[in-house]
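# Structural overview
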There are 2 protein chains.
Amino acid sequence: MSNSSLLSGVTVIDLSRVLAGPFSTMTLANLGARVIKVEIPGTGDDSRAFGPFHNGKSLYFASINCNKESIALNLKNPEDRAIFEKLLEKADILVENYRPGTMEKLGYGWGTLHAKYPKLIYGAASGFGDSGPYSKRAAYDMVVQGMGGVLSMTGYPNQPPARVGISIGDITAGLYLTIGLNAALYNRTVTKVGSKIDIAMLDCQVAILEDAIPAYDKTGEIPGPLGTRHPSIAPFQTFAAKDASIVIAAGNDHLFDLMTQALARPDLLTDARFKTNELRHENIDVLQKEMETTLAAKTVAEWLVALNTVGVPCGPINDVPHVIADPQVAARNMVIEVDDPVIGKVKTAGNPVKVVGAVDEVTLRPSPELDANRAAILAEFVGVGK
Amino acid sequence: MSNSSLLSGVTVIDLSRVLAGPFSTMTLANLGARVIKVEIPGTGDDSRAFGPFHNGKSLYFASINCNKESIALNLKNPEDRAIFEKLLEKADILVENYRPGTMEKLGYGWGTLHAKYPKLIYGAASGFGDSGPYSKRAAYDMVVQGMGGVLSMTGYPNQPPARVGISIGDITAGLYLTIGLNAALYNRTVTKVGSKIDIAMLDCQVAILEDAIPAYDKTGEIPGPLGTRHPSIAPFQTFAAKDASIVIAAGNDHLFDLMTQALARPDLLTDARFKTNELRHENIDVLQKEMETTLAAKTVAEWLVALNTVGVPCGPINDVPHVIADPQVAARNMVIEVDDPVIGKVKTAGNPVKVVGAVDEVTLRPSPELDANRAAILAEFVGVGK
């Protein structure tokens, strides 16, 4: 058994483009599902045109579409529709991330599909979902980062907000879609019928606000940006050391005690201003100043050794090359190499869903060229060329 | 059928505390699984002590633990261990987020459990996972935000990085854990045996870096913070309007055309500097200046009408009260009210996994008091009090 056996035997037909849908089907593929991308003839998935490129191939596309097959079909053309319907006959899951209403216009709305293929599971991701006043609007990641609240809480006080440096709007929607699809697969073993999962990027942003909604509801305090500080735990942020910043997360009294030992600052432990987390949080400005006075004497690397020795959660601020070089990341196969016939050997992220005792699959099939698997797919699903 | 039927009949025994584990089991509970929290006698889940509080109850705890039951057990006490083992006999899933090795010390390592309960699925979330040089270290959200790369890409150029305003380290791990557990549930219907899913918070941060790894690998450019700008698409950021900032995401040539119409700036469309996305991205400083000259004349509300009328993805920057008040959020039941016997009526986030045609469940059972369900659980699983 390997990591990529959990969904082995599951076939996914994937109409989705760019990020939320393809991120979900990548996750399904990493778990062992067979994913067949159905792309627009000529151009294919829009993200094939997103830079940066290497040897003319999009690295963006390549990073989200390994382990998938590709066939180009025009869903407005009767012959291609017949092929698409043959694919659906044998598929377990259909995924798309069009604006709501698009599939109905193509004659492939859920009512039609469910009647014709009762076991088919259907996953849709869109900006605002299948219902509500904004349903038919398009949204991109940045729009839902702004509307969903996370932007208002990211950045520094009294400065403009910062975007989360990755497309958290799309990616969170892709993860929730995968959760819904896997639950629907399990449910189908019980009920023998498929379900349609309707994921909205905005909904998913609201779902990950932690305690912000009940906390505001009961305290009336509006959560704002806090730089690198945590809203209720201290010290739990970045601090300046001799050469760079370090993250120290002394999240409770015991860890604070250990931290004062690592910093050789017993006075901080007995200081009445820092007795409890609540007091440390209240007096974080002065605590930060005291800590940084000491931290300035040594490098991040030196402090990491001292803090890790006593067991205080801490870490460096890694940029991407340092993430790639990290020994833990390497030991967990979280950066692996794909041998792409166009790009050549290229590093990409591994699969974070590890199955204990199973082989952790590190060989990914490269992202497909547009229509690359046409002949084999037609032979298998339509019987052409047999 | 309701949204919360997909996992109906599934029983989860939940040893997890604070966030990554409880976020996963909340997601499972929202999908219909029965979740029994097994908590330390006396104090329970650490997050019961996290502020802010209302009528003495943690709003943080309340936001992550609705729809769950609670029993207090000391896993070092033989009588409590016997009860715990009775729970495992009938459980489908066990979840914990201790440091790796803790369950082995308790005599409940995967080898032991798998031999005794071969159908049991086991989900573990930790900072660094079950293997690798950092495996035994504790980590908190802020540590993996720093080590995993997202911190290095969030904030403004030449300024200190900003923390993602929510605990993306824990939450992403909770989502991947849920994906793995649901896939393992499906897999068990095929293989008849359970699996252990090993999720590391750091792994999950690496998995969501989009194209950063292959892009750096092939271009050598280190992704850095960009304020609210997107690394490769323009205009796709916040802009200053008359009264506040607005998000405009004109992600392709067609949308840029529509945007120039909404702004009544046909000169921008014909300007050679803005002909393609690549050029707009290259000349974004001057494009932003040109756009803001026009945007300064009207309010965000006025521009949203103009942009939405022509179909350009756009939105306001909502703080939490505006998220709660948004009509789309309301229409999708993404903020719902829980009637908590201690807190009273309190707003919390809804379930973003919508099942089309099913009732969208808006009544959550409030988060349990410590040990609240002891008698009923003992009667059912151990036969005590029958």
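Coordinates for the structure precede this section.
Attention here is on the structure that accompanies the text. (Residues numbered from 1 in each chain as written. Chains lettered and ligands numbered in written order. Predicted model: local features only at pLDDT ≥ 70, side-chain atom pairs only at ≥ 80, totals over all residues. Heavy atoms only, no water.)

Attention now goes to the overall build of chain A. Secondary structure assignment for chain A yields 17 helices and 14 strands. Along the longest, intermediate and shortest principal axes, the C-alpha atoms of chain A span 80 × 45 × 40 Å. Within chain A, buried positions represent 60% of all 386 residues. Considering only contacts within chain A whose residues lie at least 6 apart along the sequence, 69% involve residues at least 24 apart. A total of about 13600 Å² of accessible surface is found on chain A, and carbon and sulfur atoms cover 54% of it. Side-chain charges of chain A comprise 36 positive and 42 negative groups, with the mean position of each set lying 6 Å from the other. (Helix = DSSP H or I, 4+ residues; strand = E, 2+ residues; numbered from the N terminus. Buried < 20%, exposed > 50% of the residue type's maximum accessible area, 1.4 Å probe, protein only. Contact = heavy atoms within 4.5 Å. Areas by Shrake-Rupley, 256 points an atom, 1.4 Å probe, with all protein chains shown as cover. Lys, Arg positive; Asp, Glu negative; His and termini not counted. Charge placed at Lys NZ, Arg CZ, Asp CG, Glu CD.)

Residue and element names in this part refer to chain A. Taken in spatial order, the 3 strands of this open sheet run β9-β10-β11, and their pairing is antiparallel. Of all strands in the sheet, those bounded by a partner on one side alone are β9 (236-240) and β11 (314-316). On average, adjacent strands in this sheet sit at an angle of 25° to one another, irrespective of strand direction. Direction of pairing for β9 relative to strand β10 (residues 245-249): antiparallel, over a ladder of 5 bridges. Within β10, the position partnered with Phe236 by the bridge is Ala249. Seen against the sheet, helix α13 (residues 284-295) touches β9 and β10 and runs at an angle of roughly 45° to β9. (Pairing = 2+ DSSP bridges. Axes fitted to C-alpha atoms, helices over the stretch in contact; angles between N-to-C directions.)

On to helix α17 (residues 374-381) of chain A. All names here are of chain A. Those residues of α17 that fall on the buried side of the exposure criterion are Ile377, Leu378 and Phe381. Here the buried residues of α17 occupy an arc of 100° about the axis, which is enough to place them on one side. Those residues of α17 that are exposed and angled more than 90 degrees off the buried face are Ala375 and Ala376. In this structure, the buried side of α17 is in contact with β1 (11-14), β2 (34-39), β5 (68-72) and α3 (78-90). (Arc of directions from axis to C-beta.)

Residues and elements named next belong to chain B. For strand β5 (residues 68-72), the buried fraction is high: 5 of the 5 residues fall into the buried class. Burial along β5 is two-sided: the residues Lys68, Ser70 and Ala72 and Glu69 and Ile71 are all buried. Summarising the sheet, strand β2 (residues 34-39) and β5 pair through 5 bridges and their orientation is parallel. Residue pairing in the sheet places Lys37 in a bridge with Ser70 of β5.

Expressed as a screw operation, the relation of chain A to chain B combines 0.0 Å of axial shift with a rotation of 180°, fitting to an RMSD of 0.0 Å. On this basis, the relationship between the two copies can be described by a two-fold rotation axis. (Least-squares fit on C-alpha atoms with pLDDT ≥ 70 in both.)

Our next topic: the pattern of salt bridges. In the structure shown here, the tally under the stated rule is 40 salt bridges over all chains. Here Arg332(A) and Asp203(B) are joined by a salt bridge, their closest N and O atoms 2.8 Å apart. Taken together, the residues Arg332(A) in the loop between α16 (327-331) and β12 (335-340) and Asp203(B) in helix α8 (residues 201-207) connect one chain to another. The residue Arg163(B) makes a salt bridge to Asp141(B) at a minimum N-O spacing of 3.8 Å. Note that Arg163(B) is positioned in the loop between α6 (141-147) and α7 (168-191) and Asp141(B) in helix α6, a separation of 22 residues in sequence. Judged by its relative accessible area of 3%, Arg163(B) falls in the buried class. For Asp141(B), a relative accessible area of 2% translates into the label buried. Shared partners join several salt bridges into a network, and the residues in it are Arg34(A), Glu69(A) and Glu380(A). (Salt bridge = Lys/Arg side-chain N within 4 Å of Asp/Glu carboxyl O.)

Residue and element names in this part refer to chain A. Each neighbour pair has its own omega, and for Ala234 with Pro235 the value is -5°, a cis peptide bond. Mapped onto the secondary structure, Pro235 falls in the loop between α9 (212-219) and β9. Positive phi, close to 70°, is recorded for Val18, a residue that is not glycine. On the secondary structure map, Val18 appears in the loop between β1 and α1 (20-30). Using a relative accessible area of 21% as the deciding quantity, one classes Val18 as partly exposed. In this model, Asn55 sits at a positive phi of 50°, which is unusual for a non-glycine residue. Within the secondary structure layout, Asn55 lies in the loop between β3 (53-54) and β4 (57-58).

With that out of the way, let us pick up the interface of chain A and chain B. Each partner contributes to the interface: chain A provides 138 residues, whereas chain B provides 138 residues. When chain A packs against chain B, close to 11600 Å² is buried across both sides, 69% of that on carbon and sulfur atoms. Considering only the side of chain A, the residues that lose the most area to chain B are Tyr186(A), Glu210(A) and Gln328(A), jointly responsible for 7% of the buried surface there. Viewed at the interface, chain B and chain A are joined by 6 salt bridges. (Buried area = accessible area lost by both parts, 1.4 Å probe.)

Residues and elements named next belong to chain A. Most of strand β7 (residues 121-126) sits inside the fold, with 6 of its 6 residues counted as buried. Side-chain alternation along β7 places Ile121, Gly123 and Ala125 on one buried face and Tyr122, Ala124 and Ser126 on a second face that is also buried. Here strand β6 (residues 93-96) pairs with β7 via 4 bridges, running parallel. Directly across from Val95, in β7, lies its bridge partner Gly123.

In this structure, Tyr176(A) and Tyr176(B) are the most contacted members of the largest nonpolar core, which totals 137 residues. Those residues within four positions of Tyr176(B) in sequence are excluded, and the remaining contacts are Phe23(A), Thr27(A), Leu175(A), Pro352(A), Val353(A), Ile199(B), Cys204(B), Ala207(B) and Ile208(B). (Core = buried A, V, L, I, M, F, W, Y, C linked by side-chain atoms within 4.5 Å.)

On the surface, a cluster of positive charge is made up of Lys76(A), Arg99(A), Lys105(A) and Lys136(A). By the element assignment, Lys105(A) lies in helix α4 (residues 102-105). (Patch = residues over 30% accessible without salt bridge, like charges linked within 9 Å, V, L, I, M, F, W, Y side chains within 5 Å.)

Okay, the environment of Gly111(B) next. Locating Gly111(B) in the fold gives a position in helix α5 (residues 110-116). For the pair Gly111(B) and Lys196(B), spaced 85 residues apart in sequence, the C-alpha separation works out to 9.9 Å.

The 7 strands are arranged β5(A)-β2(A)-β1(A)-β6(A)-β7(A)-β8(A)-β14(B) in an open sheet whose pairing can be described as mixed. The open sheet has two edge strands with one neighbour each: β5 of chain A together with β14 (354-355) of chain B. Pairing of β1(A) with β6(A), which is carried by 3 bridges, proceeds in the parallel orientation. The residue of β6(A) that forms the bridge with Val12(A) is Ile93(A). In this fold α1(A) packs onto β1, β2, β5, β6 and β7 of chain A, with an angle of close to 165° to the strand it touches most, β1(A). Across the sheet, α17(A) touches β1, β2 and β5 of chain A, and the angle it forms with β5(A) is around 85°.

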